[in-house]
Structures are given as C-alpha cells and as structure tokens.
Amino acid sequence: MIVHAAASLDQSTGKLVKFTQGIRSTGVKPPLSYDPWLTFFGFSIVFRRELLYLANIEARFRDFIVPKEKIAHDRWIVFLGQVVGETAELSLPLVTYRQHATNLFGDGRRSHKGKAHDPIKELDDYITATADMIAVIRDLPDETRAAFPLFDREKAIHFFQRALHQLQQRKQVYVSRDRRRGLLAVVGNIRSGVYRSVHRDAIRWRSIARDLKYCATRS
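Residues numbered from 1 in each chain as written. Predicted model: local features only at pLDDT ≥ 70, side-chain atom pairs only at ≥ 80, totals over all residues. Heavy atoms only, no water.

### Side note on the overall build of the chain
Piece 1. Within the chain one finds six helices and five strands.
Piece 2. Reading the helices (α) and strands (β) of the chain from amino to carboxyl end gives β-β-β-β-α-β-α-α-α-α-α.
Piece 3. Taking 2.2 N^0.38 as the reference for a compact globule, 219 residues should give roughly 17 Å; the C-alpha atoms of the chain span a radius of gyration of 19 Å, in line with that estimate.
Piece 4. Reported as C-alpha extents along the three principal axes, the dimensions of the chain are approximately 50 × 50 × 30 Å.
Piece 5. Taking all 219 residues of the chain together, 43% fall into the buried category.
Piece 6. For the chain, the share of sequence-separated contacts (at least 6 apart) that also reach a separation of at least 24 residues comes to 72%.
Piece 7. Accessible area for the chain stands at about 12,700 Å²; split by element, carbon and sulfur atoms hold 55% of it.
Piece 8. Taking the average place of the 36 positive charges on the side chains of the chain and the average place of its 23 negative ones, the gap between the two points comes to 8 Å. (Helix = DSSP H or I, 4+ residues; strand = E, 2+ residues; numbered from the N terminus. Rg over C-alpha atoms; globule rule 2.2 N^0.38 Å. Buried < 20%, exposed > 50% of the residue type's maximum accessible area, 1.4 Å probe, protein only. Contact = heavy atoms within 4.5 Å. Areas by Shrake-Rupley, 256 points an atom, 1.4 Å probe, with all protein chains shown as cover. Lys, Arg positive; Asp, Glu negative; His and termini not counted. Charge placed at Lys NZ, Arg CZ, Asp CG, Glu CD.)

### A closer look at the confidence of the model for the chain
Piece 1. The pLDDT averaged across the chain works out to 90; a share of 92% of its residues lies at or above 70.
Piece 2. With pLDDT under 50 throughout, residues 109-114 is counted as low confidence; its partners more than four residues away or in other chains account for eleven contacts. (pLDDT = per-residue confidence, 0-100.)

### Quick look at a nonpolar patch on the surface
Piece 1. A contiguous nonpolar surface patch, about 300 Å² in accessible area, is contributed by F47, L52 and Y53.
Piece 2. Within the secondary structure, F47 sits in the loop between strand 4 (45-46) and helix 1 (73-84).
Piece 3. F47 sits in the partly exposed class, given a relative accessible area of 31%. (Patch = residues over 30% accessible without salt bridge, like charges linked within 9 Å, V, L, I, M, F, W, Y side chains within 5 Å. Salt bridge = Lys/Arg side-chain N within 4 Å of Asp/Glu carboxyl O.)

### Quick word on the packing of helix 2 (residues 119-139) against helix 4 (residues 153-174)
Piece 1. Interhelical geometry of helix 2 versus helix 4 gives an angle of 165° and a closest axis separation of 9 Å. With respect to helix 4, the axis of helix 2 lies roughly antiparallel. Both helix 2 and helix 4 take part in a crossing whose hand is left-handed.
Piece 2. Grouping the amino acids of the contact of helix 2 with helix 4 by side-chain chemistry returns 16 nonpolar, three polar and six charged. (Axes fitted to C-alpha atoms, helices over the stretch in contact; angles between N-to-C directions. Parallel < 35°, antiparallel > 145°, perpendicular 65-115°, else oblique. Left-handed = near helix turned anticlockwise from the far one by under 90°. Nonpolar A, V, L, I, M, F, W, Y, C, P; charged D, E, K, R; others polar.)

### A look at the pattern of salt bridges
Piece 1. Taken as a whole and assessed by the stated rule, the structure comprises ten salt bridges.
Piece 2. Close ionic contact of E89 with K29 constitutes a salt bridge, the shortest N to O distance being 3.6 Å. Here the residue E89 occupies a position in strand 5 (residues 87-99), and K29 occupies one in strand 3 (residues 27-29), the gap between them amounting to 60 residues.
Piece 3. The residue K121 makes a salt bridge to D125 at a minimum N-O spacing of 3.0 Å. Linking K121 with D125, this pair stays in helix 2, spanning four residues, or about one helical turn.

### Points about helix 4
The periodicity of an α-helix, 3.6 residues per turn, causes residues three or four positions apart to be oriented the same way.
Piece 1. Between its first and last C-alpha atoms helix 4 spans 32 Å; for 22 residues at 1.5 Å apiece the expected length is 32 Å, and the two agree.
Piece 2. Tucked inside the fold, the buried residues of helix 4 contact helix 1, helix 2, helix 5 (179-192) and helix 6 (205-216).
Piece 3. You can read the cap of helix 4 off the contacts: a side-chain oxygen lies 3.3 Å from the backbone nitrogen of E154, and it is on D152. (Expected span 1.5 Å × (residues − 1). Polar contact = N/O pair within 3.5 Å; in protein donor to acceptor, adjacent residues only side chain to side chain.)

### Observations concerning unusual backbone geometry
Piece 1. The phi dihedral of L32 is positive, around 60°, even though this residue is not glycine.
Piece 2. Turning to its location among the elements, L32 is positioned in the loop between strand 3 and strand 4.
Piece 3. One non-glycine residue, D201, adopts positive backbone phi at about 55°.
Piece 4. Within the fold, D201 resides in the loop between helix 5 and helix 6.

And the structure:
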C-alpha cells in the first residue's frame, strides 16, 4: 500500500494548508505500524489489487465512526493493508482536498461542538469493530502468505487483541458506580499499560485526560 500527504483547501477562507495525515517523512513502514483504528483518506491511497480478494468486502464489519454503516472502504483497505504488508509513505502533498461545511469527516480542523456524545456507546462501537477485525484476520485464507510474505497471522491477532483489551479496560472507567471507583480504574489502567498505544508503545495522554475528565463529572 502507498499513502501520501495532501493539501487542504478551506472553502470559506481560500487558504491552502498541508494535510499530512500524520505522515512526517517519506519512507516504508512494516506491517502493524499504525493505530488499529487509523485510516488514510481514500483519495490518498494506492494499493495492490490482491487486497480486494482477501476478504469479502460485502461482509465487512460495522464502522466504529458511523456504526449504522459498514466500515468505510478506505478504512477497510487500510486495515487489510497494514495487516498483511508494508506501507510506503510519501510526505509530498500529491492532491488537494477541499474542506467545506458538508464534508462527512473532513481533515480534522472542523468543529464538532454540539454533537451528542455517549462515551459508553462509543467504546462499545470500537469494541465490536475491533473484535470483528480479529475475526477477519483469523478467517484470512492460508494462501494469504503466498501473496503477502510479511503476513504473520498470530502476530496480527495478538496486536488487535491487545487493542481490544485496552478498550474493554477503559470501559470499566465509564461503567463504574462512582467517582472513586472510576479513578481507581484509571490508576489501574495506567499501571497495567492500558494507555500505551499498541503500534508504538507511546502513552495516550488524550485518553487518560478524557477518562479523568469523565470521572470528575461523577458524584
């Protein structure tokens, strides 16, 4: 798979800014180098055609961002691509993306104030999707390795099982009966490494802050 940066054109201001998608430099990443729930925009992806035949796209799982829909086509391809092979990143902005008020997702700069938020449901959506990711990996045909020699089924399953465990443990913070139990759950998660990303072992400070903020609102 090849992914590249873009330029984002804000329709309201006419300004053009680099939309890196997290790509810092040109290079090649080994399998399982990305956050399990990360994606690259479909317009910025080139991939081997064989990815289309690894699994039935019509049987893909629910989207963790838009749970009423099946996983978006670009998320599906990025998921499969990073499981079975390398990803080449190009830091050059090769396309221009137009940001406007009706973009479904946008480039991340648009405000989402006022949007209803249910943290338990959101975690459940991610938990369901991640469990389904593991099922997809288990069901990939034995011939996958012939086409993609870097594919390691057991390593991939372990990678996503760790991600699933982290989500399940974070949910304990939100289902706790009071603030004290919630805070204890956060502390336990910190000590056990729940807040460390599975792809590069970095601390997820935003997740810690989000969980602590939720605890602070409890009685």
